[in-house]
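This is what each chain is made of:
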Amino acid sequence: GAGVSQSPSNKVTEKGKDVELRCDPISGHTALYWYRQSLGQGLEFLIYFQGNSAPDKSGLPSDRFSAERTGGSVSTLTIQRTQQEDSAVYLCASSLGVGREQYFGPGTRLTVT
Amino acid sequence: QKEVEQNSGPLSVPEGAIASLNCTYSDRGSQSFFWYRQYSGKSPELIMFIYSNGDKEDGRFTAQLNKASQYVSLLIRDSQPSDSATYLCAVRATSGTYKYIFGTGTRLKVLA
């Protein structure tokens, strides 16, 4: 079946602009996670959604970052007033439920110039 | 102290040998453990998951979990050059959250 999809695959933006990154999880997966991976670094947790529960936003690095998940499916990560340090690969993962194995999308490579 | 620790490597093994990758974690209450493979420039790919003490085998891969010693390992038998990648260990956090804590990964090089 179809895996996790993310768009765009690459995004180049100017410092100060807003960007939206999209994640479409595997059908039927109730949990959705966002991570950030800088070059040569590990995965940094940003936020997760589980069903209709309030999301765990504890990993968002600043109030410029926000995310929503509409209808329990597609999620959008928004970064306002982008900074150069926001440059990274943003990965989305979904799972059948929290605590279960996660499946990752291909990622969005964000470059802030 | 890092919550999930892995030796960064590189770990070099000859083709056909057994590669042994190790991971230690600090949260004694952790219940779920995962191994991912990440090729350069690609996203992580699930290899194995293990929830109970002991061994779990899937093809050439064996995950081993020892909760008393707080470590989880991944053995790759008959290593192939195509196994060359970074292997990430992940542990599901406890204490009222469902976050996953990832190690920084071990780079494996299988020499032909």
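Provided above is the structure to which this section pertains.
Parameters and conventions
- Residues numbered from 1 in each chain as written.
- Chains lettered and ligands numbered in written order.
- Predicted model: local features only at pLDDT ≥ 70, side-chain atom pairs only at ≥ 80, totals over all residues.
- Heavy atoms only, no water.
- Helix = DSSP H or I, 4+ residues; strand = E, 2+ residues; numbered from the N terminus.
- Rg over C-alpha atoms; globule rule 2.2 N^0.38 Å.
- Buried < 20%, exposed > 50% of the residue type's maximum accessible area, 1.4 Å probe, protein only.
- Contact = heavy atoms within 4.5 Å.
- Areas by Shrake-Rupley, 256 points an atom, 1.4 Å probe, with all protein chains shown as cover.
- Lys, Arg positive; Asp, Glu negative; His and termini not counted.
- Charge placed at Lys NZ, Arg CZ, Asp CG, Glu CD.
- Salt bridge = Lys/Arg side-chain N within 4 Å of Asp/Glu carboxyl O.
- Disulfide = S-S within 2.5 Å.

J.: Would you explain the overall build of chain B in this entry?
T.: On a plain count of helices and strands, chain B comes out with zero helices and 11 strands. Taken over the C-alpha trace, chain B has a radius of gyration of 13 Å; the compact-globule value for 112 residues is 13 Å, and the two agree within 12%. Taken along the three principal axes of its C-alpha coordinates, chain B extends 45 × 30 × 20 Å. Looking at chain B as a whole, 46% of its 112 residues qualify as buried. Of all intrachain contacts in chain B linking residues separated by at least 6 positions in sequence, the fraction that spans at least 24 positions is 53%. Total accessible area on chain B stands at roughly 5,400 Å², and carbon and sulfur atoms take up 46% of it. Measuring between centres, the 12 positive side-chain charges of chain B sit 6 Å from its 10 negative side-chain charges.

J.: Would you take a moment to explain the pattern of salt bridges for this structure?
T.: Here the idea is simple: oppositely charged side chains can pair when their charged atoms come close. Residue and element names in this part refer to chain A. On inspection of all chains with the given rule, the structure shows seven salt bridges over all chains. The salt bridge involving Arg-36 is made with Glu-44; its shortest N-O contact spans 3.0 Å. Residue classification places Arg-36 among the buried positions, given a relative accessible area of 10%. One salt bridge in this structure joins Glu-101 and Arg-100, with 3.5 Å as the shortest N-O distance. Its relative accessible area of 36% is what places Arg-100 among the partly exposed residues.

J.: What should I look at first to understand the state of the cysteines in this one?
T.: Covalent bonding between the sulfur atoms of two cysteines is what defines a disulfide. All names here are of chain A. Overall, the coordinates contain two disulfides over all chains when judged by the stated rule. With its sulfur 1.8 Å from that of its partner, Cys-23 forms a disulfide with Cys-92. The sign of the -60° torsion about the S-S bond sets the Cys-23-Cys-92 disulfide as left-handed. Of this pair, Cys-23 sits in strand E3 (residues 19-24) while Cys-92 sits in strand E8 (residues 88-95), placing them 69 residues apart in sequence. This pair shows no difference in class: Cys-23 is buried, exactly as Cys-92 is.

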